[in-house]
Amino acid sequence: PPMSIDIRHSHSLPHAKARKAVEEVAKKLAERFDIEYAWDGDDLHFNRSGVDGKIALMKKELHVTAKLGFLVSAFKGPIENEIKRVLDERFT
């Protein structure tokens with residue numbers, strides 16, 4: 001079965017700032033893991049070969065979900081750590 005990432009992160013930022021911070025997370029993933037991303041409403045979808053995920057931006061919480069294909073499942077730790085690191089940085 002594909003591995004998945006499921007991270008919930010509460011936040012108290014105003015909407016525009018939260019959106020900007022979510023985009024920072026996506027930029028870091030793009031730089032490190034060659035991932036593409038695009039907004040769809042308040043969901044930021046990100047993907048590359050073997051990675052399909054989204055960051056849902058809600059009023060008090062972010063919800064990051066991703067499915068990782070077999071070949072990139074080895075990256076689960078690094079991808080997860082990178083997401084958490086940037087969330088902690090941007091949403092404190």
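The structure this text deals with has already been given above.
Calculation notes
Residues numbered from 1 in each chain as written. Predicted model: local features only at pLDDT ≥ 70, side-chain atom pairs only at ≥ 80, totals over all residues. Heavy atoms only, no water. Helix = DSSP H or I, 4+ residues; strand = E, 2+ residues; numbered from the N terminus. Rg over C-alpha atoms; globule rule 2.2 N^0.38 Å. Buried < 20%, exposed > 50% of the residue type's maximum accessible area, 1.4 Å probe, protein only. Contact = heavy atoms within 4.5 Å. Areas by Shrake-Rupley, 256 points an atom, 1.4 Å probe, with all protein chains shown as cover. Core = buried A, V, L, I, M, F, W, Y, C linked by side-chain atoms within 4.5 Å. Salt bridge = Lys/Arg side-chain N within 4 Å of Asp/Glu carboxyl O. Pairing = 2+ DSSP bridges. Axes fitted to C-alpha atoms, helices over the stretch in contact; angles between N-to-C directions.

**Thoughts on the overall build of the chain**
Part 1 of the argument: Scanning the chain from terminus to terminus reveals two helices and five strands.
Part 2 of the argument: Element order for the chain, N to C, with α for helix and β for strand: β-α-β-β-β-β-α.
Part 3 of the argument: Radius of gyration (C-alpha) of the chain: 12 Å, near the 12 Å computed for a compact globule of 92 residues.
Part 4 of the argument: Considered along the principal axes of its C-alpha atoms, the chain spans approximately 35 × 25 × 20 Å.
Part 5 of the argument: Buried positions account for 37% of the 92 residues belonging to the chain.
Part 6 of the argument: For the chain, long-range pairs separated by at least 24 residues make up 52% of all intrachain contacts whose partners lie at least 6 apart in sequence.
Part 7 of the argument: Surface exposure of the chain reaches about 5500 Å², of which carbon and sulfur atoms provide 51%.

**Considering the environment of Leu71**
Part 1 of the argument: By the secondary structure assignment, Leu71 is in the loop between strand 5 (61-68) and helix 2 (76-90).
Part 2 of the argument: In this structure, the C-alpha to C-alpha distance between Leu71 and Val51, residues 20 residues apart in sequence, is 9.6 Å.

**Re the nonpolar core**
Part 1 of the argument: Judged by nonpolar contacts, the single largest core of 25 residues is most densely connected at Leu29, Phe46, Ile55, Ile83 and Leu87.
Part 2 of the argument: Mapped onto this core, the elements with two or more residues apiece are strand 1 (3-10), helix 1 (15-33), strand 3 (43-48), strand 4 (51-57), strand 5 and helix 2.
Part 3 of the argument: When residues of this core are assigned to their parent elements, the largest contribution, seven residues, is made by helix 1.

**A look at the pattern of salt bridges**
Part 1 of the argument: In total, this model carries nine salt bridges according to the counting rule given.
Part 2 of the argument: Salt-bridge contacts for Arg8 lead to Glu61; the nearest nitrogen and oxygen are separated by 3.0 Å. Here the residue Arg8 occupies a position in strand 1, and Glu61 occupies one in strand 5, the gap between them amounting to 53 residues.
Part 3 of the argument: Arg8 sits in the exposed class, given a relative accessible area of 52%.
Part 4 of the argument: Arg90 is the salt-bridge partner of Glu89, the closest N and O atoms lying 3.7 Å from each other.
Part 5 of the argument: For Glu89, a relative accessible area of 42% translates into the label partly exposed.
Part 6 of the argument: By relative accessible area, which is 32% here, Arg90 ends up partly exposed.
Part 7 of the argument: Shared partners join several salt bridges into a network, and the residues in it are Glu24, Arg32, Glu82, Arg85, Glu89 and Arg90.

**As for the sheet that holds strand 1**
Part 1 of the argument: As summarised here, the arrangement of the five strands in space is 1-5-4-3-2, forming an open sheet in which the pairing is antiparallel. Bordering the open sheet on either side are strand 1 and strand 2 (36-40), each of which pairs with just one other strand. Strand-to-strand, the axes of this sheet are offset by a mean angle of 15 degrees, without reference to chain direction.
Part 2 of the argument: Against the sheet, helix 1 contacts strand 2, strand 3, strand 4 and strand 5, and its axis sits at roughly 160 degrees relative to strand 2.
Part 3 of the argument: Most of the contacts of helix 2 go to strand 1, to which it runs at about 10 degrees, and overall it touches strand 1 and strand 5.

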